[in-house]
Amino acid sequence: MEINNVGMGPISAYKKLTKPSSAKRHSSVYGSRANTDKVDFNFGRSLAAAQSAAAARTGAPASEERLAALAEKYAGDNCPVSAEAVAQAMIA
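Thresholds applied
Counting of residues starts from 1 at the beginning of each chain's written sequence and follows it residue by residue. Restriction of local features to residues with pLDDT of at least 70 applies here, the model being predicted, together with a cutoff of 80 or more for giving and counting side-chain atom pairs; totals for whole chains, interfaces and linings are based on all residues. Side-chain figures throughout are based on the complete set of non-hydrogen atoms in the structure, without hydrogens or water. Secondary structure counts use DSSP, requiring at least four H or I residues in a row for a helix and at least two E residues in a row for a strand, with both numbered from the N terminus. Only protein chains enter the area calculation, which uses a 1.4 Å probe; residues under 20% of their type maximum are buried, those over 50% are exposed, and those in between are partly exposed. Only the protein chains shown count as cover for residues, with accessible areas throughout obtained via the Shrake-Rupley method and a probe of 1.4 Å. By this rule the span expected of a helix is its residue count minus one, scaled by 1.5 Å. The term polar contact refers here to a pair of N or O atoms within 3.5 Å; inside protein, the definition further demands a hydrogen-donor-capable atom paired with an acceptor-capable atom, and it admits residues adjacent in sequence only when both atoms are side-chain atoms. Like charges within 9 Å and nonpolar side chains (Val, Leu, Ile, Met, Phe, Trp, Tyr) within 5 Å are joined into patches, using only residues over 30% in relative accessible area that form no salt bridge. We count a salt bridge whenever a side-chain nitrogen from Lys or Arg sits within 4 Å of a carboxyl oxygen from Asp or Glu.

Q: What exactly am I supposed to notice about the overall build of the chain here?
A: For the chain, the count of helices and strands is five helices and zero strands. In sequence order, the chain lays out its α and β elements as α-α-α-α-α. Buried residues in the chain amount to 1% of all 92 residues. Counting every atom, the chain has about 8700 Å² of accessible surface; 59% of that belongs to carbon and sulfur.

If you want it as structure tokens, here you go:
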């Protein structure tokens, strides 16, 4: 079965654009180095910056007494903080 003249506009446009002479013209425009950008991303430097920012937000190390008090508060199934407060702290 052959269907003629149904949706031939896009197909003929595609065929016209993919001719070797047309493709050559487009590749010269898009393939030149003058029309490209280069982005260098240093993951290690970004990680170090995030680490130093996180370290700046924290206070001095907790004392042994403070750690013992927190361990006592959170012993077993005890959690003095509501689930909503924990969720808000995780989101923020």
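Q: Is there a simple way to think about helix α3 (residues 43-57) in this case?
A: Given 3.6 residues per helical turn, the α-helix brings residues three or four places apart onto the same face. Across its 15 residues, α3 extends 21 Å between first and last C-alpha, which sits within 8% of the 21 Å expected from 1.5 Å per residue. At the N-terminal end of α3, a side-chain oxygen is found 3.1 Å from the backbone nitrogen of Gly44, two or three residues along, and the residue is Asn42.

Q: For this particular structure, what's the right way to read a nonpolar patch on the surface?
A: A contiguous nonpolar surface patch, about 370 Å² in accessible area, is contributed by Tyr74, Val81, Val86 and Met90. Turning to its location among the elements, Tyr74 is positioned in the loop between α4 (64-73) and α5 (83-91). The class for Tyr74 is partly exposed, based on a relative accessible area of 38%.

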